[in-house]
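Descriptive analysis of the structure
Here is how the chains run, residue by residue.
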Amino acid sequence: MLRSFLLQRRLALFCLIVSLCAFLCSCGACLAQNPPSYPENASLDDLIAFQQSLSDWGSQNKLSSDLFWDKTAALFLRSTQEILQQDLDDERVELYQTQLAGILSNYALQEALKNSSLDGEKYRELLQNAGKAASNYRADPSELNQKVYLAYAKQLMSLRLQFALNQRAEAQEELFVSLIGDSITLALGLPAFGEDAFRIVMTIRGNEPELGDEALDALCEAFEASGEPALVALVSKTAGVRRFARLPGAELYFEALFPDEKGEYTKKIELKDYRDKVVLVEVWATWCLPCRKEIPRLKQAYERYHDAGFEILGYSIDQDVSKLQPFLTENQIPWPVASQRRSAESGYHPLYEYYSINGVPEMILIGRDGKVIQTDCRGSKLAKALKELFPNVEPLDWDPSQDFGARATSQDAQTQDENK
């Protein structure tokens, strides 16, 4: 039985992955055969074995997720519903309720996208199941009831988010506003949903920055006021994101140590030292391939505008500081570059973490008044900004189609080290 249960946990994970990916993949391959036949009047072990055979059949036929879904969704749904009618222990109740929530959510999304409305049969069934799970949790806030309620809440809100993202811009705002309010309210009653509410708000923020910033404020205010430790802890995680979102028009926190004549990181440079100049703060790393690609353009901008009052301040997030100076020398970088690690060791806030920057390079353009003009000021955006700030200098002729949009994270640095 233990082996069967472990196999079924693997099956459940596979099924959920299938349900989440069903709309992302397509394949024209033909099936070698039909899936296994449904076992009538089956026992619990028979139903579990049947689901495993469905999974094995899909793997053997090398099915894409949409083909697998098309051929097996109804079978998984029926067998899962029958399994949940059996006498199950808590682990299996959680497992199969989670599986059922995923299957219903996928069906509901298909219906919603086809009919351009969240009013399909499976959506109503998912909503009804979520309501039952909520009632059970309120009546008995046990660990099992919380997990089942959370599973349905996640699928329901994720479905609504995916539906909204697939609508036209003029219809999105109303859907987003409703989803934000419901997500925050849900998290206040089910704190375990807090992380999901935050992710929903951040996804919306990526599509509608102004609305997203307002939503983030509302989420943080509600979570702080709740006094719920899990939700209050989440607010601190959003502090950097909120700081970064408010940078345009504000002053950048920037205290950093640069190398002195001996190459020791003892020289402090502050932005107030550059008043009446235009400054580009580049947050980067030597291991970052997108950062390296930007170097030739940055050199060109520096050479073109430096004499007119344009400065660049580099801010390296390299942990291995020994690689920094050789890299700067080899690439003939003409502007000063600070080390975040050395700055942090001296008590300064690490800039990358302080603003929750989500990857490098990050380029922050600061005006002569010391206020941030623009974040993510890369490529043609930098060329356009410099043209406006220095109208008497021949502008840079950078083709927007040649811009580099990629970023790298500290995880990329770790991967590079592991591959060496």
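Above this note sits the structure.
Turning next to helix 8 (residues 194-207). The end-to-end C-alpha distance of helix 8 is 20 Å, a good match for the 20 Å that 14 residues give at a rise of 1.5 Å each. Inspection of helix 8 places G194, D196, A197, F198, I200, V201, I204 and R205 among the buried residues, and these make up the whole buried set. Where the residues of helix 8 are buried, they touch helix 6 (143-165), helix 7 (169-189), helix 9 (209-226) and helix 10 (229-245).

Relative to the helices and strands, R292 is located in helix 11 (residues 289-305). Here the alpha-carbon distance between R292 and A169, two residues 123 residues apart in the chain, equals 36 Å. Setting aside anything within four residues of it in sequence, one finds R292 in contact with T286, W287 and F327.

Let's shift gears to the sheet that holds strand 3 (residues 278-284). Strands sit in the order 5-4-3-6-7 across an open sheet of 5 strands; the sheet is mixed. Since the sheet does not close on itself, it has two edges, and those belong to strand 5 (337-339) and strand 7 (372-374), each with one partner. Neighbouring strand axes in the sheet, compared pairwise and without regard to direction, differ in orientation by 30° on average. Across 2 bridges, strand 6 (residues 362-366) lies against strand 7 in antiparallel orientation. Within the sheet, the bridge partner assigned to L365 lies in strand 7 and is Q374. In this fold helix 11 packs onto strand 3, strand 4 (310-316) and strand 6, with an angle of close to 155° to the strand it touches most, strand 4.

Contact geometry for helix 4 (residues 90-115) and helix 5 (residues 121-139): axes closest at 7 Å, N-to-C directions at 145°. Seen from above, helix 4 lies across helix 5 with left-handed handedness. Every residue of helix 5 that contacts helix 4 at L100, A101, L104, S105, Y107, A108 and E111 is listed here: E121, K122, Y123, E125, L126 and N129. Class assignment for the residues of the contact of helix 4 with helix 5 results in 7 nonpolar, 2 polar and 4 charged.

Turning next to the pairing of strand 6. Side-chain positions along a regular strand alternate between the two faces of the sheet. Burial of strand 6 is extensive: 5 of the 5 residues sit out of reach of the surface. Side chains of strand 6 alternate between two faces, with E362, I364 and I366 and M363 and L365 buried alike. Where strand 6 hands over to strand 7, the hairpin turn is made up of 5 residues, of which G370 adopts a positive phi near 85°.

Right, let's get into the environment of F254. Relative to the elements of secondary structure, F254 occurs in the loop between helix 10 and strand 1 (255-259). With a relative accessible area of 5%, F254 lands in the buried category. For the pair F254 and D217, spaced 37 residues apart in sequence, the C-alpha to C-alpha distance is 24 Å. If near-sequence neighbours (up to four positions away) are discounted, F254 is found in contact with I269, E270, L271, V281, L313, Y315 and L351.

Quick look at the pattern of salt bridges now. If you walk through the whole model with that rule in mind, you get 23 salt bridges. For K147, the salt bridge is made with E94, and the minimal N-O distance between the two is 3.8 Å. With K147 in helix 6 and E94 in helix 4, the pair connects residues that are 53 residues apart, well separated along the chain. Classification of E94 as partly exposed rests on a relative accessible area of 25%. Here R275 ties to E251 by a salt bridge, and the two come within 3.3 Å at their closest N and O atoms. Here the residue R275 occupies a position in the loop between strand 2 (265-270) and strand 3, and E251 occupies one in the loop between helix 10 and strand 1, the gap between them amounting to 24 residues. Given a relative accessible area of 38%, R275 falls into the partly exposed group. A relative accessible area of 47% means that E251 is categorised as partly exposed. One salt-bridge network, held together by shared partners, links E255, K268, E270 and K272.

Conventions and cut-offs
- Residues numbered from 1 in each chain as written.
- Predicted model: local features only at pLDDT ≥ 70, side-chain atom pairs only at ≥ 80, totals over all residues.
- Heavy atoms only, no water.
- Helix = DSSP H or I, 4+ residues; strand = E, 2+ residues; numbered from the N terminus.
- Expected span 1.5 Å × (residues − 1).
- Buried < 20%, exposed > 50% of the residue type's maximum accessible area, 1.4 Å probe, protein only.
- Contact = heavy atoms within 4.5 Å.
- Pairing = 2+ DSSP bridges.
- Axes fitted to C-alpha atoms, helices over the stretch in contact; angles between N-to-C directions.
- Left-handed = near helix turned anticlockwise from the far one by under 90°.
- Nonpolar A, V, L, I, M, F, W, Y, C, P; charged D, E, K, R; others polar.
- Salt bridge = Lys/Arg side-chain N within 4 Å of Asp/Glu carboxyl O.

Remember, this is a structural readout, not a statement about activity or role.
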